[in-house]
Amino acid sequence: MRPERLNLLFSDTESLDGVGPKLKKPLDKLGLTRLRDLAYHLPDRFVDRRAVANLDEAQVGEQIVVALTPNEHRLTSGRGPYRVLASDAVGNVCALTYFGRASYTAKKLLPVGELRWIAGRLDQYGQMLQIVHPDHVEAESTGLLTWLSEPVYALAEGLTQPRVAGLIGQALAHLPDLPEWIEPGLLARMQWPAWRDALLLAHRGAHPAARDRLAYDELLANSLALMLVRENNRARRGQPLKGDGSLRDRLRLPFPLTGAQRRSIGEIEGDLAQSSPMLRLLQGDVGAGKTVVALEAMLLAVEAGAQAAMLAPTEILARQHYDTLRALAAPTGVSIALLTGRDKGRARESILMGLLDGSISMVVGTHAIFQDSVSYRNLGLVVIDEQHRFGVGQRLMLTRKGKVTPHCLAMTATPIPRTLTLAQYGEMDVSRLDEMPPGRQPIDTRVVAADRFADVVAGLERHLATGQQAYWVCPMVRESETEDMAAAEARYATLKARFGDAVVLVHGQLRPEDKDAAMERFASGQAKLLVATTVIEVGVDVPNATLMVIEQAERFGLAQLHQLRGRVGRGSEKSVCLLLRGETLSETARERLALMRETQDGFRLAEEDLRLRGGGELLGTRQSGDTPFRVASLEQIQRLLPLAHDDARLLVERDGGLTGERGDAARLLLYLFERDWGAQLLRGG
Ligand code: ADP
Ligand code: MG
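Residues numbered from 1 in each chain as written. Chains lettered and ligands numbered in written order. Predicted model: local features only at pLDDT ≥ 70, side-chain atom pairs only at ≥ 80, totals over all residues. Heavy atoms only, no water.

Asks: Looking at this structure, how should I read the overall build of the chain?
Replies: Per the secondary structure count, the chain includes 23 helices and 22 strands. Structurally, the chain occupies a C-alpha span of about 95 × 70 × 45 Å along its principal axes. Considering the chain as a whole, with its 685 residues, one finds that 53% of them fall into the buried category. Looking at the chain alone, contacts between residues at least 24 apart form 72% of all its contacts between residues at least 6 apart. Of the accessible surface of the chain, which amounts to about 30,600 Å², a share of 50% is contributed by carbon and sulfur atoms. (Helix = DSSP H or I, 4+ residues; strand = E, 2+ residues; numbered from the N terminus. Buried < 20%, exposed > 50% of the residue type's maximum accessible area, 1.4 Å probe, protein only. Contact = heavy atoms within 4.5 Å. Areas by Shrake-Rupley, 256 points an atom, 1.4 Å probe, with all protein chains shown as cover.)

So this is what it looks like as structure tokens:
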């Protein structure tokens, strides 16, 4: 249970003054549901203003604070703005300009003849100086100093800066004093403020040390939780699995294994022989050959008298794996079953029976294979494909069936940079398939200006005429799924007009059944062209699809482009990837596209992606998207995570139960950053 001293921080924003249903909605939209979230809603940037005695001292375009006295209110006729003419101490006149509803407040705020302190951006309108919608208008100069550097927060519709700042102020006033969880030596060396001070400072100005400390807290919480999982796992009872090779020897693979595959299999074999359960991540780009590695591990488990299960994220993928494994494992005579949510009645009963009595040695399926109604005679190994769809908490639940914890092999096709691997899979050991099977034809990647659209479509027509299939990935409009969908629908309509029923459309807002149906039509070859938003199913394998067109490629991240391109180049035919680009490209977009042309090495692209995204960051742009962090920026993750990871390891080595003084504080930290699953392992586990 969450420690009591954090309760106030975790109380709902509704408990704050002025928050009713109307404010609640936009706050929730920003993820600000509790006081804690408000306190951690750090400014995106600060406006710096200069106080000037009169307007002669100010530059046009500058953010200033100045004292002005209104002389006259002017409402221009019709829909024009509302203007208040005001003069400074030496007689310069400046218009304070308001549009729309704001003019009502202007009347009250700016009585003629009374001096007002004004903060805003000085602009010029024709010959006249003006400030449009001043940020502050006050009669008293008391609060003035706080205007000189003011936070700018991310907003949602229905919120204003002062509103959000006010609520954050309320939340900050409730911050408890918490004991220090950072190692004192590190704290001193980094000259970091204490937790509470760091939060206060981070909202007050650009304090890199305060921001770093807060980011470090988040990273430490994450590393610590992962480390506790690791420790807990080590202490669990597993079953050592030693195969005699009898089944694996019967495999007749149509190819020799790559060095990376042999090495990974060796590492897995070593883990399986241990009495503590394996927690291993197999990382390998699409097409690197993870399935065979998984098969070898599963066969080993069966040789040792245990059962093995493979979990896939979707029915389609489960079916594909099932077909592949069954074909490959045929010579071994091992019985394999497929179990998904679709199986009902007698068929399902018979599979459940087989798993219970052990007559089925391997099962492939969706979540259905871990439902409570499914019991195994002796489950020794769980393979989880496309790992990143599961959070650590879910992962833990899966492997906690029965008294003996099965070994766990997770597989991901997303090449993650090393630092982020640490953040996401810090509790696991990692095997990397960093060598592609030989004989792959490189994908011919070209960057094409979007105005050659007609040529691209003509090329597509020739391509489809050969009987090969193609993907068309639609422009990413913005963050909004609806707009992405609209763009996809529009492109689908254009292409359908040209290619008729050969075209299918898939996007995130289709019902799952419709999406599956469209995917199946494409996978079976009935449909020739798949138009999609970025949601092309992970791992879907259609070797006959050898052309990929990506529209507005400059808008995608490197990792995403690489993932998308990985859908082609899976067969023996040469594949082509066309990156359509708009007219103007930013420097990093240009670099991204160049890198895509240059290399197909997923690990290299992942590192470059992190570099490009992390490097361009300003203070506090927390677009860390694919990381489990909200406070730490990509740059901070790269700089501070290794430190946090080592620190967490030391702490757990010294005080694994978190019972000492620092351990106690660290426990608070886990709850503060909602790594409850880490903290909960501490009691009995
Ligand atoms: P992924 O890592 O994406 O799951 P797969 O396991 O599906 O990759 O393998 C991709 C393709 O490569 C499959 O057709 C598989 O049979 C083939 N393959 C795997 N290992 C090798 C190898 N060592 N040599 C040649 N082909 C291989
Ligand atoms: Mg795969």
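Asks: Before we go on, may I ask you to explain the packing of aromatic side chains in this structure?
Replies: A ring pair, where both rings are aromatic, is described by two values, the distance of the centres and the angle of the planes. Here the structure, examined in full by the defined rule, presents five aromatic pairs. The interplanar angle of 55° and the centroid separation of 5.1 Å between the aromatic rings of Tyr-40 and Phe-673 together place this pair among those described as tilted. A residue pair is termed long-range when its members are at least 10 positions apart, and Tyr-40 in the loop between helix H2 (35-39) and strand S1 (45-48) and Phe-673 in the loop between helix H22 (661-672) and helix H23 (676-680) qualify at 633 residues. Each member of the pair, Tyr-40 as well as Phe-673, carries the same accessibility label: buried. Both rings, one in Tyr-471 and one in Phe-522, keep their centres 5.1 Å apart while their planes meet at 55°; by these two values the pair is tilted. Remark: Phe-522 occurs in helix H17 (residues 512-523) and Tyr-471 occurs in strand S18 (residues 469-473); sequence separation between them is 51 residues. (Phe/Tyr/Trp six-rings, centres within 6.5 Å; stacked < 30°, edge-to-face > 60°.)

Asks: What's the story with the pattern of salt bridges in this structure? I'm lost.
Replies: A side chain with one charge can pair with a side chain of the opposite charge if their charged atoms come near. Per the stated rule, a full pass over the model turns up 39 salt bridges. Glu-674 is the salt-bridge partner of Arg-34, the closest N and O atoms lying 2.7 Å from each other. Residue Arg-34 is found in the loop between helix H1 (21-29) and H2, and its partner Glu-674 is found in the loop between H22 and H23; the two are separated by 640 residues along the sequence. According to the relative accessible area criterion, Arg-34 is buried, its value standing at 18%. For Glu-674, a relative accessible area of 37% gives the class partly exposed. The partner of Asp-429 in a salt bridge is Arg-230, with the nearest N and O atoms 3.0 Å apart. Residue Asp-429 is located in strand S16 (residues 429-433), and its partner Arg-230 is located in helix H8 (residues 208-235); the two are separated by 199 residues in the primary sequence. With relative accessibility at 30%, the residue Asp-429 sits in the partly exposed group. Taken together, the shared-partner salt bridges connect Glu-591, Glu-598, Arg-604, Glu-608 and Arg-611 into one network. (Salt bridge = Lys/Arg side-chain N within 4 Å of Asp/Glu carboxyl O.)

Asks: In this structure, what is going on with the packing of helix H9 (residues 259-272) against helix H10 (residues 290-303)? I would like to understand it.
Replies: Two measures define how a pair of helices packs: the angle their axes make with one another and the distance between the axes. Two elements in contact, H9 and H10, have axes whose closest approach is 10 Å; the angle formed by their N-to-C orientations is 30°. Here H10 runs roughly parallel to H9, going by the angle between their axes. When you trace H9 past H10, the crossing you get is right-handed. Touching Gln-261, Ser-264, Ile-265, Ile-268, Glu-269 and Leu-272 of H9 are Val-292, Val-293, Glu-296, Ala-297 and Leu-300, all from H10. Each residue belonging to the contact of H9 with H10 can be placed in one class, and the counts come to seven nonpolar, two polar and two charged. (Axes fitted to C-alpha atoms, helices over the stretch in contact; angles between N-to-C directions. Parallel < 35°, antiparallel > 145°, perpendicular 65-115°, else oblique. Left-handed = near helix turned anticlockwise from the far one by under 90°. Nonpolar A, V, L, I, M, F, W, Y, C, P; charged D, E, K, R; others polar.)

Asks: Just checking my understanding: could you explain the layout of surface pockets for this structure?
Replies: It is a probe the size of a water molecule, rolled over the atoms, that shows where empty space is left. Considered as a void within the structure, the second largest pocket measures approximately 1,200 Å³ in volume. Lining the second largest pocket are 40 residues, and of these Val-286, Gly-287, Ala-288, Gly-289 and Arg-440 lie nearest its centre. Within the residue set of the lining of the second largest pocket, elements represented by two or more residues are H10, helix H11 (315-329) and helix H18 (558-565). Take the lining of the second largest pocket: its biggest share by element is five residues, from H11. Structurally, the lining of the second largest pocket is a two-domain feature, drawing no fewer than three residues from each of domain 3 (248-433) and domain 4 (444-599). (1 Å grid on protein atoms, 1.4 Å probe; cavity = no way out; pocket = protein on both sides within 12 Å on 5 of 7 lines; lining within 4 Å. Points joined across faces, edges and corners; volume = space filled by probe spheres on them. Domains from an automatic or database assignment.)

Asks: Explanation requested: the pairing of strand S5 (residues 93-98) in the structure shown.
Replies: Walk down a regular strand and you will see the side chains alternate between the two sheet faces. Of all six residues that make up S5, five are buried, and the element is covered over most of its length. When strand S4 (residues 82-87) meets S5, the two strands line up antiparallel, connected through six bridges. Among the inter-strand pairings, Arg-83 is bridged to a residue of S5, identified as Thr-97. In textbook terms, the turn of a hairpin is the stretch between consecutive antiparallel strands, and for S4 and S5 this stretch comprises five residues, one of which, Gly-91, has a positive phi near 95°. As judged from the four bridges shared by S5 and strand S7 (residues 128-132), these two strands associate in the parallel manner. Note on S7: the bridge partner recorded for Cys-94 is Leu-129. (Pairing = 2+ DSSP bridges.)

Asks: Please explain the sheet that holds S16 as it appears in this structure.
Replies: The pairing of strands in a sheet comes from backbone hydrogen bonds and takes either a parallel or an antiparallel form. Spatially, seven strands are ordered S12-S13-S11-S14-S15-S10-S16 in an open sheet, and the strand pairing comes out parallel. The strands lining the two open edges of the sheet, one partner per strand, are strand S12 (336-339) and S16. Pairs of neighbouring strands in the sheet enclose a mean axial angle of 20°, with direction left out of account. Pairing of strand S10 (residues 279-284) with strand S15 (residues 407-412) involves five bridges; the strand directions are parallel. Within S15, the residue paired with Gln-283 across the bridge is Thr-412. Packing of H11 onto the sheet brings it into contact with strand S11 (307-311), S12, strand S13 (362-365) and strand S14 (379-385), and relative to S12 it is tilted by some 175°.

Asks: I would appreciate a short explanation of unusual backbone geometry in the present structure.
Replies: Leaving glycine aside, a negative phi is the common case for residues, and trans is the common case for peptide bonds. Here the phi dihedral of His-133 falls at roughly 40°; this positive angle occurs in a residue that is not glycine. Tracing the backbone shows His-133 in the loop between S7 and strand S8 (136-138). Even without being glycine, Leu-658 reaches a positive phi, approximately 50°. Position of Leu-658 relative to the elements: it lies in the loop between helix H21 (634-654) and H22.

Asks: Looking at this structure, how should I read H17?
Replies: Residue pairs three or four apart in sequence face the same way in an α-helix, which turns once every 3.6 residues. When the terminal C-alpha atoms of H17 are compared, their 16 Å separation across 12 residues agrees well with the 16 Å that a helix rising 1.5 Å per residue should span. Three or more residues of H17 are buried, namely Lys-515, Ala-518, Met-519 and Phe-522. Taken around the axis of H17, the buried residues stretch over an arc of 100°, which confines them to a single face. Along its buried surface, H17 packs onto H11, S18, strand S19 (503-506), strand S20 (529-532) and strand S21 (545-550). Just beyond H17, the residue with positive phi is Gly-525, at close to 90°. (Expected span 1.5 Å × (residues − 1). Arc of directions from axis to C-beta.)

Asks: Is there a simple way to think about the domain arrangement of the chain in this case?
Replies: Under the domain assignment, the chain is made up of domain 1 (4-44 + 154-176), domain 2 (46-152), domain 3 (248-433) and domain 4 (444-599). Averaged C-alpha coordinates put domain 1 and domain 4 at centres separated by 41 Å.

Asks: Would you mind going over the environment of Cys-94 with me for this structure?
Replies: Assignment of secondary structure puts Cys-94 in strand S5. Residue classification places Cys-94 among the buried residues on the basis of a relative accessible area of 0%. In sequence terms Cys-94 and Arg-236 are 142 residues apart; their C-alpha atoms lie 74 Å from each other. The residues touching Cys-94, leaving out its near neighbours within four places in the chain, are Leu-55, Leu-68, Val-84, Leu-85, Ala-86, Leu-122, Leu-129, Gln-130 and Ile-131.

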